[in-house]
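# Structural overview
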Amino acid sequence: MRKFFSIPGSRTMFALFMVLAITLMTMGISVLADGEPAAEAAAEEAAVEEIAEEAVEEPAEEEASGPKAYGTVLSLLPPVIAIGLALITKEVYSSLFIGILAGGLLAADFNPAGTIDQVINDGYIAAVSGSAGIFIFLVLLGMLVALLNKTGASAAFGKWAQANIKTRVGAALATFLLGVLIFIDDYFNCLTVGSVMQPVTDSHKISRAKLAFLIDATAAPICMIAPISSWAAAVSEYADGTGYNGLELFIRAIPYNFYSLLTLAFIIMITLMKFDYGPMAIHEKNAIEKGDLFTSGTEHEAVEMEKGSAKGKVMDLIIPIVVLIVISVIGLLYVGGMFAGETFVNAFANTDATVGLPWGGTIALVITIIYLICRKVISFKDAMECIPEGFKAMVPAILILSCAGALKNMTTNLGSDVFVESIMADAKNLQLFLPAIIFIVACFIAFSTGTSWGTFGILIPIVTAIFPASSELMYIGMSACLAGAVCGDHCSPISDTTIMSSAGARCDHINHVSTQIPYAVTVAAVSFVCYILTALLQIVLGSFTWLVSLPVSVGILFVVLFVIKKKTAGKA
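Residues numbered from 1 in each chain as written. Predicted model: local features only at pLDDT ≥ 70, side-chain atom pairs only at ≥ 80, totals over all residues. Heavy atoms only, no water.

Glancing now at the overall build of the protein. In terms of regular secondary structure, the protein is built from 28 helices and zero strands. Looking at the 572 residues of the protein, the share that counts as buried comes to 51%. Of all intrachain contacts in the protein linking residues separated by at least 6 positions in sequence, the fraction that spans at least 24 positions is 79%. Put simply, the protein shows about 25400 Å² of open surface, and 67% of that area lies on carbon and sulfur atoms. (Helix = DSSP H or I, 4+ residues; strand = E, 2+ residues; numbered from the N terminus. Buried < 20%, exposed > 50% of the residue type's maximum accessible area, 1.4 Å probe, protein only. Contact = heavy atoms within 4.5 Å. Areas by Shrake-Rupley, 256 points an atom, 1.4 Å probe, with all protein chains shown as cover.)

In structure tokens:
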């Protein structure tokens, strides 16, 4: 036994095996408890058939109720198990699978056949079919990145950036700026910013964990405060039927979306103050002093790429990226119906990113291949070799997204929305503190389920129902819902944007999560305090509350970071 535990990774394997063994034992006990002798079961079946024949003309009885765990706190147990195991064992795939299995067991009331049906049909198959468009877009972007690496365009851009961006601060701010500019969609943002800025940050010894944070922190937060984005469209869609104009709700909530706004301010502050804390400080120290951009993790070998062609120029990277952005925006507008008579705003409100982005990505990839072949920086044969290479590069992200989607489906089937609605109904009498409560609830749901869209899809109808119509407190509550959804999504290891930020930065996923959480929690704590203050201020200031609350929130964040920096310097 001692020899076994001396093998690297054996303790993790043993822990996972024990959890799985206990789960299977529970299944077995459940089956034994519910089992009956065959003869008795057959007799009961015959009796049931006889009764059914006699009652043919009677009204059908109501269908059986859902699983016993439906709408209870147990509906959030599967993601808690998955997230806990992932953070403890540092192993994502098996942790997610055990969480999915736990969800299947609860959804099927521990029936073995029902569990398999839940995991396969309602879990994986539904997740893959629902995310097929995003998978296609991921693969297309992987192919595009492989092409740009093969032509030497990425290396050329890296050399240009090294010559023109002189400092680490400049490289970090350039990454931040590009993330802000790509506000259309968070998926597009994550992968595009990562592929474009990686050569720049590498040349200035910025760790991959820090790059992943910069990508993630400018993906969902910027989309959540941009009226023309897939996120604004999603909020508009979820607000349908509440009696409010979805886009108006979204815009009115922007000044109070403390988490999104303060996350952007946090990046600028921590970059200009030139310090890091928590696990990120270790990664940055190793990058600066040892040139080790990874510190730990499995991506070490995966990022070793062959040297591209010497013919590649900076324009060979810029032109394909610009084409991708333009065609993807056109694709989103086309899917939204702009070319069928819809207005620009309505087209974005009606669009489907899972269709529009693959639409634009496919055309952009074809144009890029033709352009690069005409430029004679790559042959047709080499271009075709990049297609499977790009696919292989995105397999880890696709696997994690599939598992995360299946886990989200398990929580949905267990009625997590019903449980949350019951909690919010109990808190209705605490109106001045409701925005802060909503923020925490949204954080927890998004963290547990890995979906910000699903979170505000659950909470928006509740928020619009519990606050006075068109009151400033209602808009503050709405912003708390949206901000909490972004915050929980930002922290969650099973979130799609977190996963794709890791993929975009080519960073070990657990490293990205563990280094990002202390930063996200800092901003979340400041945001929580600001929601309490803002709810009190609106009594006096009304619709002008944001003019005071916004600068106050930025000031609080600066003071918090100043104190953290002083303590960090004292320990050093």
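Remark: helix 11 (residues 208-217) packs on helix 26 (residues 496-505), axes separated minimally by 8 Å, with the N-to-C direction vectors making an angle of 130°. The orientation of helix 11 relative to helix 26 falls into the category oblique. Viewed along their axes, helix 11 and helix 26 form a crossing whose handedness is right-handed. Two secondary-structure elements touch here, helix 11 through Arg208, Leu211, Ala212, Ile215 and Asp216 and helix 26 through Thr497, Thr498, Ser501, Gly504 and Ala505. (Axes fitted to C-alpha atoms, helices over the stretch in contact; angles between N-to-C directions. Parallel < 35°, antiparallel > 145°, perpendicular 65-115°, else oblique. Left-handed = near helix turned anticlockwise from the far one by under 90°.)

Below, the discussion takes up the nonpolar core. Here is a general trend for soluble globular proteins: nonpolar side chains tend to be buried in one another's company. In this structure, Leu138, Tyr259, Phe266, Phe439, Phe456, Leu459 and Leu482 are the most contacted members of the largest nonpolar core, which totals 144 residues. Sequence-distant contacts of Leu138, defined by excluding residues within four places in its chain, comprise Leu191, Met394, Ile398, Leu401 and Met500. (Core = buried A, V, L, I, M, F, W, Y, C linked by side-chain atoms within 4.5 Å.)

The next thing to look at is the packing of aromatic side chains. Within this structure, the stated rule accounts for 10 aromatic pairs. With a centroid separation of 5.1 Å and 55° between ring planes, the pair formed by Phe266 and Tyr519 is classed as tilted. Of the two residues, Phe266 is situated in helix 15 (residues 258-272) and Tyr519 in helix 27 (residues 509-541); the sequence distance between them amounts to 253 residues. The buried category is assigned to Phe266, whose relative accessible area is 1%. With 5.5 Å between their ring centres and 40° between their planes, Phe439 and Tyr531 make a pair best called tilted. You can see Phe439 sitting in helix 23 (residues 434-449) and its partner Tyr531 sitting in helix 27, a full 92 residues away along the chain. The exposure class assigned to Phe439 is buried, which follows from its relative accessible area of 1%. Assessed through its relative accessible area of 0%, Tyr531 is described here as buried. Taken together through their ring pairs, the aromatic side chains of Phe213, Phe266, Phe275, Tyr277 and Tyr519 make up a single cluster. (Phe/Tyr/Trp six-rings, centres within 6.5 Å; stacked < 30°, edge-to-face > 60°.)

Counting through the fold element by element, Thr515 comes out in helix 27. Judged by its relative accessible area of 0%, Thr515 is buried. Residues contacting Thr515, with those up to four places away along its chain left out, are Ala209, Pro279, Met280 and His283.

Next up on the list: the packing of helix 24 (residues 452-466) against helix 25 (residues 472-491). The geometry of a pair of packed helices is captured by two quantities: the angle between their axes and the separation between those axes. Contact geometry of helix 24 with helix 25 gives a least axis separation of 9 Å together with a crossing angle of 160°. Overall, the two elements helix 24 and helix 25 adopt an arrangement that is roughly antiparallel. As helix 24 packs across helix 25, the resulting crossing turns out to be right-handed. Facing helix 24, whose interface residues are Ser452, Thr455, Phe456, Leu459, Ile460, Val463 and Thr464, helix 25 presents Met474, Gly477, Met478, Cys481, Leu482, Ala485, Val486 and Asp489.

The full count for this structure, using the stated rule, is eight salt bridges. Where Glu472 meets Arg252, a salt bridge forms, and the shortest distance between an N and an O atom there is 3.5 Å. Of this pair, Glu472 sits in helix 25 while Arg252 sits in helix 14 (residues 246-253), and the two are 220 residues apart along the sequence. Here Asp316 and Arg375 are joined by a salt bridge, their closest N and O atoms 2.8 Å apart. Of this pair, Asp316 sits in helix 18 (residues 315-335) while Arg375 sits in the loop between helix 20 (353-374) and helix 21 (380-413), and the two are 59 residues apart along the sequence. Given the relative accessible area of 0%, Asp316 is considered buried. Where salt bridges share partners, they join Arg168, Lys210, Asp276 and Glu284 into one cluster. (Salt bridge = Lys/Arg side-chain N within 4 Å of Asp/Glu carboxyl O.)

As a further point, take the confidence of the model for the protein. Per-residue confidence for the protein gives a mean pLDDT of 80; residues scoring 70 or more make up 81%. The model gives residues 23-49 a pLDDT under 50, and that stretch makes 11 contacts with residues more than four places away or in other chains. (pLDDT = per-residue confidence, 0-100.)

The next subject is the side chain of Thr411. Positionally, Thr411 belongs in helix 21. Among all residues touching Thr411, those that are not within four sequence positions of it are Ser75, Pro79, Ser416 and Thr449.

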